[in-house]
Every structure is written in C-alpha cells, then in structure tokens.
Amino acid sequence: MAAEILTEDLLRISLQRLSREVVKTYPQFGEMLAQNMLRTCGLIPDVARAEHYQELGTLLIDLGRLYLAEADALRTVEPT
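Below or above, wherever it landed, is the structure these notes cover. Everything quoted here is computed from the prediction, not taken from an experiment.

**Topic: the overall build of the protein chain**
Per the secondary structure count, the protein chain includes three helices and zero strands. Order of helices (α) and strands (β) in the protein chain, N terminus to C terminus: α-α-α. Counting all 80 residues of the protein chain, 20% fall into the buried class. Here the analysis covers contacts within the protein chain between residues at least 6 apart in sequence; of these, 51% occur between residues at least 24 apart. Carbon and sulfur atoms make up 63% of the accessible area of the protein chain, which totals about 6,000 Å².

So, in structure tokens, the structure goes:
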C-alpha cells in the first residue's frame, strides 16, 4: 500500500513538472495534462482511474510524437 501511494505521488509530481514544460510549447496539451492528472487521484474508484490513466497514456504518446516530429524538423533545417 505504501509503495502504491509513493508511486502515485511520484507520478503526480512528474506530471506536474511535465505540464509546466509542455505549456511552453503546446499550451493546449498543458491544460489536458492538468485535467487528466486530477482524475488519477486515489479518491475515485479504480475502474474510473484506469480509464483516466488510459486517456493520459494516450495523450502522453501523442505529445511525445509531436516533440519527436519537431526534433526531426529542427535537424533538417539548414543553418543560415
């Protein structure tokens, strides 16, 4: 039980930090991350939390793809 709480706390802290960084480049994702983060708290039933974790995971994958595409685009830009 203590390990589960610790894991949830670490996840929540990581998501808070991620939200702050994401807002700098993709403001629309920052708000979605914050909303989904709140929906993963241990005060809601496990089934509902699982659904929100699924949504959050999908969002993070999509966000990662955006950042990877941006990195690729920056690598192909010729210096001026």
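**Brief notes about the packing of aromatic side chains**
If you walk through the whole model with that rule in mind, you get one aromatic pair. With a centroid separation of 5.2 Å and an interplanar angle of 85°, the aromatic rings of Tyr 26 and Tyr 67 are classed as edge-to-face. Taken together, the residues Tyr 26 in the loop between helix H1 (2–25) and helix H2 (27–38) and Tyr 67 in helix H3 (residues 46–76) connect sequence positions 41 residues apart. By relative accessible area, which is 15% here, Tyr 26 ends up buried. For Tyr 67, a relative accessible area of 33% translates into the label partly exposed.

**Thoughts on the pattern of salt bridges**
As enumerated under the stated definition, the model contains four salt bridges in all. Linking Arg 75 and Asp 72 is a salt bridge whose minimum nitrogen-to-oxygen distance equals 3.1 Å. A residue pair is termed a helical-turn pair when its members lie 3 or 4 positions apart in one helix, as Arg 75 and Asp 72 do in helix H3 at three residues. Owing to a relative accessible area of 63%, Arg 75 belongs among the exposed residues under this scheme. The exposure class of Asp 72 is partly exposed, given its relative accessible area of 46%.

**Some details on the nonpolar core**
Core analysis: the largest hydrophobic core is formed by nine residues, namely Leu 15, Val 22, Tyr 26, Phe 29, Leu 33, Met 37, Leu 56, Leu 59 and Leu 63. At the level of secondary structure, the elements contributing two or more residues to this core comprise H1, H2 and H3. Residues contacting Met 37, with those up to four places away along its chain left out, are Arg 12, Leu 15 and Gln 16.

**Comments concerning the packing of H2 against H3**
Look at H2 against H3: their axes get within 10 Å of each other, and the N-to-C directions meet at 155°. By the angle between their directions, the pair H2 and H3 is classed as roughly antiparallel. H2 and H3 meet at a crossing whose hand is left-handed. Residue-level contacts link Phe 29, Met 32, Leu 33 and Asn 36 of H2 to His 52, Glu 55, Leu 56, Leu 59, Leu 60, Leu 63 and Leu 66 of H3. Broken down by class, the residue content of the contact of H2 with H3 amounts to eight nonpolar, two polar and one charged.

So, how was this worked out
Residues numbered from 1 in each chain as written. Predicted model: local features only at pLDDT ≥ 70, side-chain atom pairs only at ≥ 80, totals over all residues. Heavy atoms only, no water. Helix = DSSP H or I, 4+ residues; strand = E, 2+ residues; numbered from the N terminus. Buried < 20%, exposed > 50% of the residue type's maximum accessible area, 1.4 Å probe, protein only. Contact = heavy atoms within 4.5 Å. Areas by Shrake-Rupley, 256 points an atom, 1.4 Å probe, with all protein chains shown as cover. Phe/Tyr/Trp six-rings, centres within 6.5 Å; stacked < 30°, edge-to-face > 60°. Salt bridge = Lys/Arg side-chain N within 4 Å of Asp/Glu carboxyl O. Core = buried A, V, L, I, M, F, W, Y, C linked by side-chain atoms within 4.5 Å. Axes fitted to C-alpha atoms, helices over the stretch in contact; angles between N-to-C directions. Parallel < 35°, antiparallel > 145°, perpendicular 65-115°, else oblique. Left-handed = near helix turned anticlockwise from the far one by under 90°. Nonpolar A, V, L, I, M, F, W, Y, C, P; charged D, E, K, R; others polar.

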